[in-house]
Each structure stands twice: as C-alpha cells, then as structure tokens.
Amino acid sequence: MRPLLRLSSEEARAIDTVVFDLDDTLLDHGRLTEVAYSALFRLREAGLALVASTGRPAGWAQLFARQWPLTAALAENGAVAWARGDDGRYRLDDPLPLAERARRRAALREIAAQLLERFPALGLADDNDARHTDMALDIGEHRRAAPEDVARARALATSLGARTFASSVHMHLTFEGYDKATGFARWARAARGDDPTRALKRAAFLGDSGNDAPAFAAFGLTFGVSNVASHVGKLTVPPRYVASRPMGAGFAEIADALVARRG
Ligand SMILES: [Mg+2]
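Residues numbered from 1 in each chain as written. Predicted model: local features only at pLDDT ≥ 70, side-chain atom pairs only at ≥ 80, totals over all residues. Heavy atoms only, no water.

*Asks:* What exactly am I supposed to notice about unusual backbone geometry here?
*Replies:* With the exception of glycine, most residues fall at negative phi, and the peptide bonds are largely trans. In this structure, Asp24 takes a positive phi of about 65° despite not being glycine. As for its placement among the helices and strands, Asp24 is situated in the loop between strand E2 (17-20) and helix H2 (34-45). For His29, which is not glycine, the phi torsion reads 50° and is therefore positive. On the secondary structure map, His29 appears in the loop between E2 and H2. Judged by relative accessible area, His29 falls into the exposed class, the value being 65%. (Helix = DSSP H or I, 4+ residues; strand = E, 2+ residues; numbered from the N terminus. Buried < 20%, exposed > 50% of the residue type's maximum accessible area, 1.4 Å probe, protein only.)

*Asks:* Looking at this structure, how should I read the packing of H2 against helix H9 (residues 247-262)?
*Replies:* Two quantities define a packed helix pair, namely the angle between the helix axes and the distance between the axes. Closest axis-to-axis distance for the H2/H9 pair is 8 Å, and the angle between their directions is 20°. Considering the angle they form, H2 stands roughly parallel to H9. For the element pair H2 and H9, the recorded crossing hand is left-handed. Contacts from Val35, Ala36, Ala39, Leu40, Arg42 and Leu43 in H2 reach Gly248, Ala249, Phe251, Ala252, Ala255, Asp256, Leu258 and Val259 in H9. Across the contact of H2 with H9, the residue classes tally to 11 nonpolar, 1 polar and 2 charged. (Axes fitted to C-alpha atoms, helices over the stretch in contact; angles between N-to-C directions. Parallel < 35°, antiparallel > 145°, perpendicular 65-115°, else oblique. Left-handed = near helix turned anticlockwise from the far one by under 90°. Contact = heavy atoms within 4.5 Å. Nonpolar A, V, L, I, M, F, W, Y, C, P; charged D, E, K, R; others polar.)

*Asks:* Is there a simple way to think about the nonpolar core in this case?
*Replies:* The nonpolar side chains of a soluble globular protein tend to be buried, and buried together. Membership of the largest hydrophobic core comes to 39 residues, with the highest contact counts inside it found for Val18, Phe20, Leu26, Phe223 and Leu258. Non-local contacts of Leu258, meaning those with residues more than four positions away in its chain, are made with Leu7, Ala12, Ile15, Val18, Leu43, Leu221 and Phe223. Core analysis: the second largest hydrophobic core is formed by 22 residues, Val51, Ala81, Leu200 and Phe216 among them. (Core = buried A, V, L, I, M, F, W, Y, C linked by side-chain atoms within 4.5 Å.)

*Asks:* Just checking my understanding: could you explain the layout of surface pockets for this structure?
*Replies:* Where empty space is left in the structure can be found by rolling a water-sized probe over the atoms. Of the volumes computed, that of the largest pocket is approximately 510 Å³. Surrounding the largest pocket, 22 residues form its lining, Ile139, Gly140, Ser167, Ser168 and Val169 being those nearest its centre. Counting residues per element, the lining of the largest pocket draws most heavily on helix H5 (residues 147-159), at 4 residues. Both of domain 1 (2-93 + 178-262) and domain 2 (98-174) provide at least three residues apiece to the lining of the largest pocket. Thr71, Ala83, Arg84, Gly85, Asp86, Arg91, Leu92, Asp93, Trp187, Ala190, Ala191 and Arg192 are the residues that line the second largest pocket. Among the secondary structure elements, those contributing two or more residues to the lining of the second largest pocket are strand E5 (80-84), strand E6 (90-93) and helix H6 (180-192). Among the elements that take part in the lining of the second largest pocket, H6 stands out by supplying 4 residues, more than any other. (1 Å grid on protein atoms, 1.4 Å probe; cavity = no way out; pocket = protein on both sides within 12 Å on 5 of 7 lines; lining within 4 Å. Points joined across faces, edges and corners; volume = space filled by probe spheres on them. Domains from an automatic or database assignment.)

*Asks:* When you look at the packing of aromatic side chains in this model, what are you seeing that I'm missing?
*Replies:* Geometry of an aromatic ring pair is reported as the spacing of the ring centres plus the angle between the planes. The full count for this structure, using the stated rule, is 9 aromatic pairs. Centre to centre, the rings of Tyr37 and Phe41 are 5.2 Å apart; their planes meet at 90°, and the pair counts as edge-to-face. Of this pair, Tyr37 and Phe41 both sit in helix H2, 4 residues apart, which is roughly one turn of the helix. Given a relative accessible area of 27%, Tyr37 falls into the partly exposed group. Residue classification places Phe41 among the partly exposed residues on the basis of a relative accessible area of 28%. Taken together, a centroid distance of 5.3 Å and an interplanar angle of 35° make the contact between Phe184 and Phe219 tilted. (Phe/Tyr/Trp six-rings, centres within 6.5 Å; stacked < 30°, edge-to-face > 60°.)

Taken by themselves, the reported measurements are silent on function.
Here you go:
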C-alpha cells in the first residue's frame, strides 16, 4: 500500500465514479461525522458520481439514496441498489421477484438459527428487519466474537448452502452471487448502460475490511482508510493507496487528495 502523496493526477483524472464502503470507512463506529459528510460534497463538485456500497440493509440504502448527494446506494454487499429513476422516483433494483426473496430469506433465517445455537458468542444483528436479501449476525458491533468462532461459523454456513461475508461488524448469510465489485458492475450496466469492465476501471473504491476484498481486487483505483491495516491479512489484494488517518477522517483525506490531483 502506497501513501496518498504518491497518487498521480493521471490516476485521479481517469475516474468518473467514487464507490465507497460505509462502516469504518465513511462512518466512525456507525456515526457520520461532519468532515466525512462534507467530503462527499467536495467529490461531487469535482464532477464525480458517488455510489455507496455497504453490507448494511436495503432499507437503509433507500434513505441514503434519497437524502445524501449520491447517484446510487448499493446494499447487502452488492445484491441490490436504490437509485432515482428518470421519472424522479426512487426504486429498488433487484433482479429477483418478491416471492422468491421471501422464500430465500426464510431459508437463511433457519441457517442463522442453527449458527446461533452452535455459536452463542454471535448474535442476530439489530438491522435485520430492514434487510431484503440476506441475514446478518453481529460479530463486532455490540459483541466481540473470537475470530476462530467466526471462521468456524462461516464454514458451517457454507456447508449449509449459504455464502458468507464478514465486515468489521457483521457476518452476512446470503444466497446471492454478487459482491461489492460485481454488484457495482451489474448496477452500472442496468442504470447507465456501461460496459461492466470499463465501469470498474473508471471507478475508485474506498474501503476498510474483508467484505471489501472483491472490490480491492477489481476496481481501477483503490484506497484504504488507515484502519484497513488490521484487516490486510484477510485481503487477497490490498488497496493501492492508504490514508494516514482512520475512518471518516481518512475518507476526507482521500477525497481531498482526489480533488486536488484532478485540479
Ligand atoms: Mg467497512
């Protein structure tokens, strides 16, 4: 990982979109700071489209898409997106019908129940009611689950047929094939008519932890806030650049560097 000072004008000018994680990247332990929020406006004023990409629920993403200066908000690790249509209405972009969603969530609820029985250090996350495609277990938000328990719980979930993601706060159970990179590419094609490979190449990604790993490996320009250092062992590809500060302050530092290099 290189310091932000090494970022070139060519790299900063080659992107048209900034995709960013929320927990412990834009947000400080779940809180949106003034410095991080104002950085969003500076990025937008520099001509960049902004896309939030979070493991948090679709119900939360609707609010972000409506209230923040965003082009879209991808939720549940890229499975679905909220964005404003040409007619001015906000819609959830979900490739599956509602009945299939209900069936899948019931099956995930059963897998979650089995995991909680076996691993009492984990608990149900408190944001599951707003979720559309996945179930989330708390491993680091209000609890501190041991990494060995998380690893064993993920292995059991896999053996029961679910895919898993782990962020700094949650372990997710899902049947969806998307991640933060493929979910963005799918959205860019559906909403903007972009070629998926080109959309990834022309976008920067900012993140901090394990569920950002597919994005660090796929986006054209990648950044970590400084707290990414404690997750680097779980990333197959680390971010290209790293901020000197953590979470929201690091997000603002990266935004400032991008805006300054774009000139
Ligand atoms: Mg995060």
